[in-house]
Amino acid sequence: QQLKINQIENPATTEELETLEKEREKHENILKLLPDGEENIERLKSIVQKSKEKLESREHQFAITKDSLVKENNQLKRKLEEFTSQNTINVKPSIEDQISEIVQLVKEKQKQLRKSKKLTENIELNVNRMSYTDKIMDILRNLDNQQREVDQILSEIRMTQKDI
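Let me begin by describing the structure that accompanies this report.

Calculation rules
Residues numbered from 1 in each chain as written. Predicted model: local features only at pLDDT ≥ 70, side-chain atom pairs only at ≥ 80, totals over all residues. Heavy atoms only, no water. Helix = DSSP H or I, 4+ residues; strand = E, 2+ residues; numbered from the N terminus. Buried < 20%, exposed > 50% of the residue type's maximum accessible area, 1.4 Å probe, protein only. Areas by Shrake-Rupley, 256 points an atom, 1.4 Å probe, with all protein chains shown as cover. Patch = residues over 30% accessible without salt bridge, like charges linked within 9 Å, V, L, I, M, F, W, Y side chains within 5 Å. Salt bridge = Lys/Arg side-chain N within 4 Å of Asp/Glu carboxyl O. Lys, Arg positive; Asp, Glu negative; His and termini not counted. Charge placed at Lys NZ, Arg CZ, Asp CG, Glu CD.

**Remarks on the overall build of the protein**
- Each helix and strand counted, the protein has three helices and zero strands in total.
- When the helices and strands of the protein are read in sequence order from the N terminus, they spell out α-α-α.
- Residue burial in the protein is summarised as follows: out of 164 residues, 2% are buried.
- Put simply, the protein shows about 16100 Å² of open surface, and 57% of that area lies on carbon and sulfur atoms.

Given below as structure tokens:
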């Protein structure tokens, strides 16, 4: 009860008591280990040795893996350089091909332009032809009319001859 009263009166001392209790428990655990001290030291040494061996084996594995990855990286870089150099070589012929195709297209377009010019000239001639055709048709119509008139006159003459 006095301890509880002291705890209520002074909360800082309760914290000190708790820390002291923890330290006492640590010391007890250490004292328990002391009779087997040599055995515990050997265990620790074996654990440390195993850890060192694992670390060394992992470092060795890392070095092997790193070397293989570096080699693979270098190979891939060389392949990439070869590929890009081949692409640039392949691009040049394709550009030349494209240029030749464009030149051919230009020639074809020039031919089409010439044809179109000729057609437009012919259209103008066709207009003149149309006018001539119209004149010829008029002449033919006139001829037809004249032929009818001649036929009519001839028929009148025959009629008059019959009458006489």
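**Concerning a nonpolar patch on the surface**
- Together, Ile136, Met137, Ile139, Leu140 and Leu143 line one region of the surface with nonpolar side chains, adding up to about 460 Å² of accessible area.
- The topology assignment puts Met137 in helix α3 (residues 37-163).

**Some thoughts on the pattern of salt bridges**
- A full pass over the atoms with the stated rule returns three salt bridges.
- Note that Arg24 is salt-bridged to Glu21, the shortest N-O span being 2.2 Å. Remark: Glu21 and Arg24 occur in helix α2 (residues 11-33); sequence separation between them is three residues, near one turn of the helix.
- Connected via shared salt-bridge partners are Glu21, Arg24 and Glu28.

**Here's the deal with a positive patch on the surface**
- A surface patch of like charges, here positive, comprises Lys107, Lys111, Arg114, Lys115, Lys117 and Lys118.
- On the secondary structure map, Lys118 appears in helix α3.
- By relative accessible area, which is 56% here, Lys118 ends up exposed.

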